[in-house]
Amino acid sequence: MSLIDLAERGLLPDAAIRAGIRKLCAKRLHDEHSGDIEGADMRARMLMLQLRESPIAVETEAANQQHYEVPARFFELCLGKRLKYSSCYYPRGDESLDQAEEAMLSLYGERAALADGQRILELGCGWGSLTLWMAERFRNASITGVSNSSGQREYIMAQAHKRGLANIEILTRDVNTLALEGPYDRVVSIEMFEHVRNHAGLLRRIAGWLEDDGSLFVHVFCHRTLVYPFEDAGRDDWMARHFFTGGLMPSAETLVHMQRDLHLEQRWLLSGTHYQRTANHWLANQDDHREAVLEVLAAAHGAEHARRWAQRWRIFWMACAELFGYRGGNEWGVAHYRFGK
């Protein structure tokens, strides 16, 4: 039985799983930095060329199956009150998950220069944390969210009705074929660009959807220097196989190199410790709702697979916490960008 099997069966203690994840982080950094500088530069340039020639996104159906079509109830049990399925913000370091959700949403509002009366497009709206936050605060704004998941659309619209919000429209679309008329005053995107391969192609489309004085705000997780795809090349590629098929780890500079149709106005970098705390909170919530989580996953995957899937999610939360907390949060972290036309 492999170590992965032992971990998924819950036969390894969390401390051992976390230690193994840290070893994989160290191996990733060693492998990516091995070899001569000219060879590394060539590999990086070839990857950037491949990205520019790729479809906007790949494996979009896998993303649905792995995350977006998982029942909303699972995320209600694990995430915070806002169901923010992305890094939260801990300016003091001792915030609750709900407080950290609110802190990051407020930071978006400030950095994206959101205001009442704007026409706002959100690409990849998740379970509606930012969409609903914007609609509540800017009652005269028109909010359009785009999701790859019909289940997410149903959830957000039900929440909008419950909260008396009439300024939200949610579209279920594949980003590869997404066509919008615009123009929008603001486009915002939170942890969606990591599912994109051809960033230049997407930025070109966004430029066509923006008003002349409009702007794009993007939040991504990233490595400080490295860019690499998540590829399922075998049993050991656990993250790519179960949670991030077709995804990409961008570097903090990846979008900086994509300036053509849009220009960078401002970039901000956040320590990975914010994501570390977020993921540890998600793990604690799942553990606090163990039986309810098993019921949800039994309905989604079958009773015989529920415990394995519950442990897979626990490992996923731990993997996120250890990755972003590695070396004090100074390797992997979060980047914010604001682009103008």
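The chain is annotated in an unreviewed UniProt entry as Cyclopropane-fatty-acyl-phospholipid synthase family protein from Luteimonas vadosa.

(A) Summary view of the overall build of the chain. Broken down by element type, the chain carries 13 helices and 9 strands. Computed over the C-alpha atoms, the radius of gyration of the chain is 20 Å, within 12% of the 20 Å expected from 2.2 N^0.38 for a compact globule of 341 residues. Along the three orthogonal principal directions, the C-alpha set of the chain runs to about 60 × 55 × 40 Å. Partitioning the contacts of the chain with sequence separation of at least 6, the portion at a separation of at least 24 is 79%. Positive and negative side-chain charges in the chain, numbering 40 and 46 respectively, have mean positions lying 2 Å apart.

(B) Inspection of the packing of helix α12 (residues 290–301) against helix α13 (residues 306–325) at higher detail. Two elements in contact, α12 and α13, have axes separated by 8 Å at closest approach and are oriented at 115°. When you trace α12 past α13, the crossing you get is right-handed. From α12, R290, V293, L294, L297, A298 and H301 reach across to α13, where they touch A306, R307, W309, A310 and W313.

(C) A look at the sheet that holds strand β3 (residues 168–172). Pairing in this open sheet of 7 strands is mixed, and the strands run β3-β2-β1-β4-β5-β9-β8 from one edge to the other. Of all strands in the sheet, those bounded by a partner on one side alone are β3 and β8 (263–270). For this sheet, the mean inter-axis angle between neighbouring strands, taken without regard to orientation, is 15°. Of the strand pairs in this sheet, β8 and strand β9 (residues 332–340) are connected by 7 bridges, and their pairing is antiparallel. Pairing of H263 across the sheet is with G340, part of β9. Sitting on the sheet, helix α6 (residues 97–111) touches β4 (184–190), β5 (210–223), β8 and β9, and the angle it makes with β9 is about 30°. Sheet contacts for helix α8 (residues 150–162): β2 (142–147) and β3; angle to β3, the most-contacted strand, approximately 170°.

(D) Representation of the packing of helix α11 (residues 273–288) against α13 within the structure. Axis separation between α11 and α13 bottoms out at 7 Å; the angle between their running directions is 160°. Comparing the axis directions of α11 and α13 gives the class roughly antiparallel. Of the two possible hands of crossing, α11 and α13 adopt the one that is left-handed. Packed against α11, whose contacting residues are T273, Y275, Q276, A279, N280, W282, L283, Q286 and D287, the element α13 presents A310, W313, R314, W317, M318, C320, A321, F324 and G325 at the interface.

(E) Here's a closer look at the state of the cysteines. Taken as a whole and assessed by the stated rule, the structure comprises 0 disulfides. Unpaired in terms of disulfides, C78 finds its nearest cysteine sulfur in C320, a separation of 12 Å. The exposure class assigned to C78 is buried, which follows from its relative accessible area of 0%.

(F) Geometry of α11. Between the first and last C-alpha of α11 there are 22 Å, a value that for 16 residues agrees with the 22 Å anticipated at 1.5 Å per step. Considered for burial, the residues of α11 that qualify are T273, H274, Y275, T278, A279, W282, L283, N285 and Q286.

(G) Spotlight on the nonpolar core. Grouped together as the largest cluster of nonpolar side chains are 80 residues, with contacts concentrated most on F74 and W313. For this core, the leading source of residues is α13, giving 13 residues. The residues contacting F74, other than those within four sequence positions of it, are Q286, V293, V296, L297, W313 and W317. One finds V187, V220, V227 and L262 within the second-largest nonpolar core, a separate group that totals 38 residues.

(H) How the structure looks around the pairing of strand β1 (residues 119–123). Counted residue by residue, β1 has 4 buried out of 5 residues, so it is predominantly covered. Viewed along the sheet, the connection from β1 through helix α7 (residues 129–137) into β2 turns out right-handed. Bridge count for β1 against β4 is 4 bridges, and the pairing is parallel. Each bridged residue has a counterpart across the sheet, and for L121 the counterpart in β4 is V187.

(I) Structural context of a nonpolar patch on the surface. A grouping of M42, M46 and L49 is seen on the molecular surface, where their side chains present a nonpolar patch of about 270 Å² in accessible area. Locating M46 in the fold gives a position in helix α3 (residues 37–53). The exposure class assigned to M46 is partly exposed, which follows from its relative accessible area of 41%.

Conventions adopted
Residues numbered from 1 in each chain as written. Predicted model: local features only at pLDDT ≥ 70, side-chain atom pairs only at ≥ 80, totals over all residues. Heavy atoms only, no water. Helix = DSSP H or I, 4+ residues; strand = E, 2+ residues; numbered from the N terminus. Rg over C-alpha atoms; globule rule 2.2 N^0.38 Å. Contact = heavy atoms within 4.5 Å. Lys, Arg positive; Asp, Glu negative; His and termini not counted. Charge placed at Lys NZ, Arg CZ, Asp CG, Glu CD. Axes fitted to C-alpha atoms, helices over the stretch in contact; angles between N-to-C directions. Left-handed = near helix turned anticlockwise from the far one by under 90°. Pairing = 2+ DSSP bridges. Parallel < 35°, antiparallel > 145°, perpendicular 65-115°, else oblique. Disulfide = S-S within 2.5 Å. Buried < 20%, exposed > 50% of the residue type's maximum accessible area, 1.4 Å probe, protein only. Expected span 1.5 Å × (residues − 1). Core = buried A, V, L, I, M, F, W, Y, C linked by side-chain atoms within 4.5 Å. Right-handed = clockwise from strand over helix to strand, strands pointing away. Patch = residues over 30% accessible without salt bridge, like charges linked within 9 Å, V, L, I, M, F, W, Y side chains within 5 Å. Areas by Shrake-Rupley, 256 points an atom, 1.4 Å probe, with all protein chains shown as cover. Salt bridge = Lys/Arg side-chain N within 4 Å of Asp/Glu carboxyl O.

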